[in-house]
Amino acid sequence: MYIYMNEDKKILKVALDVPIDQLFDYLNNGSVNSLGQYVKISFGNRILTGVVCGFEKKSSLANSKLKQIISADKEIICDENLLKLLKFSANYYHHPIGQTILSVVPLRIKQDKNKIFLKELAYRATQDLSSDWISNIARRQRTKRKIAEILLKGVIRQTALKNIASNAPQVIDELVSIGICHVEEWVPALKEHTDKIPILNNQQVHIIKKLNECKKFVPWLLYGVTGSGKTEIYLNLIDSYLKIKKAQILVLVPEINLTPQLESRFRIRFPNKNLAILHSNLNPSERLNNWRNSKSGEAQIVLGTRLAIFTPIKNLKLIIIDEEHDISFKQQDGFKYHARDIALVRARNENIPIIMGTATPSLESWLNATGQVPKYKLLKLDKRAVPNASLPSINIIPKSDNKHPISSLIIKAIQTRIRRNEQSLVFINRRGYAPVLACASCGWTASCHRCSSKLVVHLNKKRMKCHYCDYDRSIYVQCEACGNTDLHPVGVGTQKIENHLKELLPSASIVRVDRDNMRKKNALNELFDKIHLGKVDILVGTQMLSKGHDFPKLTLVVVLDADNALYSIDLRASERLFSQLMQVSGRAGRANLKGEVLIETNFPKHPIFQAVKSHNYEDFANNLLNERKLLSLPPYAFNAVLKAESTKIELVEKFTNDIAEWGDTISPKVNIFGPVRPPIERIKGYERVNIHIQSVKRNHIQNMLKIWINQIRKHPSANRIKWSIDIDPM
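Residues numbered from 1 in each chain as written. Predicted model: local features only at pLDDT ≥ 70, side-chain atom pairs only at ≥ 80, totals over all residues. Heavy atoms only, no water.

## Some details on the nonpolar core
Selection criterion: Nonpolar core, defined: a set of buried Ala, Val, Leu, Ile, Met, Phe, Trp, Tyr and Cys residues in which side-chain atoms within 4.5 Å join the residues together. For every residue, the accessible area (1.4 Å probe, protein chains only) is compared with the maximum for its type, and the residue is labelled buried under 20%, exposed over 50%, or partly exposed between those bounds. The contact rule is simple, with two residues in contact once any of their heavy atoms fall within 4.5 Å.
Residues I101, I309, I319, L539, I599 and L705 are the most contacted members of the largest nonpolar core, which totals 112 residues. In this structure I319 touches L250, I309, A343, R346, A347, I352, P353, I354 and I355, once residues within four positions along its chain are discounted. Counting residues in hydrophobic clusters, the runner-up holds 28 residues, among them V251, F266, I355 and L381.

Here is the structure:
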């Protein structure tokens, strides 16, 4: 059958997930008419999924040398606006165009498993199921009995069947066939919520009015102290935007653990609105379904982590970024984009407002809002939203001795909270039992053989782990150097604090919150429920608990080992420490109960701790900006890093020495520093070397990199070494 084809669309420019920075020419078979359609093509001896990014009448290659696409799907993966954003991103971050575009395409589409998608099912008992019916089940039919007993109590999700027994799916089908239960689509039940919508204070009313006055591109920095009601402003603003016909709103949060609480608030406030959740904890089918709901316009609110910024959203009218300062918005490997910066570009391209909320703005955002020529509009909330709630009192206390991981002063403060039926949070940003296992005789320490790092003691599981490559082994029983059996864990982690508190306070309900024990999909949701029900007395946790969460009965926050960041060589270590301390301190006293924060340090007079104590972000940020300006450091300069790694140190050193010399000759407006080894010199067996690039103008770096990258690709070792460019590194 003859298919009419427009001659202007004869040649397709196709993006493929390959490490080559170009689009590939393919012949149209007549089934592709729109940009953003996805196609199956032959690439070498592989069949790949690609995205159509352009049309041409002619190719630079003869038609006889071009392959025709195998097939095309009518679904458009990326509309013109999203393609424009992705092309900009690939160009700015110097990442191959095909890998950039395909990195945002759901896995099931790339695997060609997208044709059939069933929503999750649930099984509910019919009236025929009773205790008497269960009692008549043969004793050998254990799975049937177990499922029937669960059904009698409530609904069983399809995904939960595998946790009951291996033959559970077959047994449940049998129960459906005999009418003991029926199948329905699983819909998450909304938790009972009797709280009234908070009454807005004057500051909130004023800010919402200003935000509603402008529906065009304006970058707003919403700077508000912890507990000042930023989320309530988001909710009110979303409510007004949803009155616009077909409007969609994108809300970005930095980490997965912030989504459950925010999702719950959104579903309670907007029970009749379609909410799509997008983050890496979703299974591929859930992600594809929510992604398509966003693309079609069905989802009115899209809530997600950093990758959600590249979600196709048909009628996007507003972007909200919560905790805009957070480093988690920066992708650290592969396509190294910053979601906040991309969101600003997307908002400008689509001429819509963007709101960036935080209690501790990044220095870049603070300068953009308060500089001589402000690029953002600044909005301030300087008091807590709950009537009579005040900022917690912050006390700087001496660090406990090495014999006791927690001082008696802290223990007394926790005991006081337990007597009052209040909750405490003990924060230490190091998981495991102890960061080092050392020999008392010769000083040997247990190290990872693949990384230049120490193995962390995880005493609960009697294992030692590398937190960089996940290497795992049993705990050493004797020194590898001298054979001595007197080995001691050195330092403190969350497990050690948890164990110590359980010894001192055996009747208290203590829960540890870190990546090691929050791996299950619904673990955080279940924990938050326990906290809100008052079933937890003490939380011991890492940064998973330091931001965004609202626990009304939590009145004491303890910060242990805060000095660790002061020894860092990282340029941003001081602002990150300040932000972390302010965020975790902000968990205390968010309701009517007075909050207190105890921060342990050996340096009580340090400017960071003094600024935290007085809740004075503005002076801290302005002083830091003055230092950065004097030294021509970001945000008054712009950085990039070339990262190279190889299993052979000689190879990577020769490669980086050569290309650093080439880079030095390209532009006098760009400074090259290095090659240098990063603090962790080896990870997963790969020796690492960095070259730092800096200039006072962003375009100077961009222009230099275009020339330099072309030179690097011609280096004899370019294909034998893993290397990448990190723009605006964090």
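On we go from here.
## Thoughts on empty space enclosed by the protein
Formally: Detection works on a 1 Å grid of protein atoms alone, calling trapped sets that fit a 1.4 Å probe cavities and calling open sets with protein on both sides within 12 Å along at least five of seven lines pockets, with lining residues defined by an atom within 4 Å of a point. Grid points are joined across faces, edges and corners, and a volume is the space filled by probe spheres set on the points. All residues other than Ala, Val, Leu, Ile, Met, Phe, Trp, Tyr, Cys, Pro, Asp, Glu, Lys and Arg, Gly among them, are scored as polar; the first ten of these are nonpolar and the last four charged.
Taken as a whole and assessed by the stated rule, the structure comprises three cavities of 30 Å³ or more. Considering only enclosed or pocket space, the largest cavity measures out at about 60 Å³ in volume. Around the largest cavity, the lining residues are Y223, V225, T226, A359, L391, M582, H615 and Y617. Classifying every residue of the lining of the largest cavity by side-chain character gives six nonpolar, two polar and no charged.

## Examining unusual backbone geometry
Keep this limit in mind: The numbering of helices and of strands both runs from the N terminus, where a helix is a DSSP run of H or I of at least 4 residues and a strand a run of E of at least 2.
Note the cis peptide between P634 and P635, where omega equals 10°. Within the secondary structure layout, P635 lies in the loop between α18 (617-631) and β27 (638-646). One non-glycine residue with positive phi stands out, namely D561, at about 55°. As for its placement among the helices and strands, D561 is situated in the loop between β25 (554-559) and α16 (573-585). On the accessibility criterion, D561 (21% relative accessible area) is partly exposed.

## Topic: the packing of helix α19 (residues 649-664) against helix α20 (residues 698-713)
Just so we agree on the cut-off: Angles run from 0 to 180 degrees between N-to-C directions of axes, and those axes are lines fitted to C-alpha atoms, restricted for helices to the stretch in contact. Orientation labels follow simple angle bins: below 35 degrees gives roughly parallel, above 145 gives roughly antiparallel, 65 to 115 gives roughly perpendicular, and whatever is left gives oblique. For any helix crossing, the convention is left-handed if the near helix is rotated counterclockwise from the far helix by under a right angle, and right-handed if that rotation is clockwise.
Two elements in contact, α19 and α20, have axes separated by 10 Å at closest approach and are oriented at 140°. In terms of their interaxial angle, α19 and α20 are classed as oblique. Read as a crossing pair, α19 and α20 show a hand that is right-handed. Across the interface between the two elements, F655, I659, A660, W662 and G663 of α19 pack against M704, W708, Q711 and I712 of α20. Its residues assigned to classes, the contact of α19 with α20 shows seven nonpolar, two polar and no charged.

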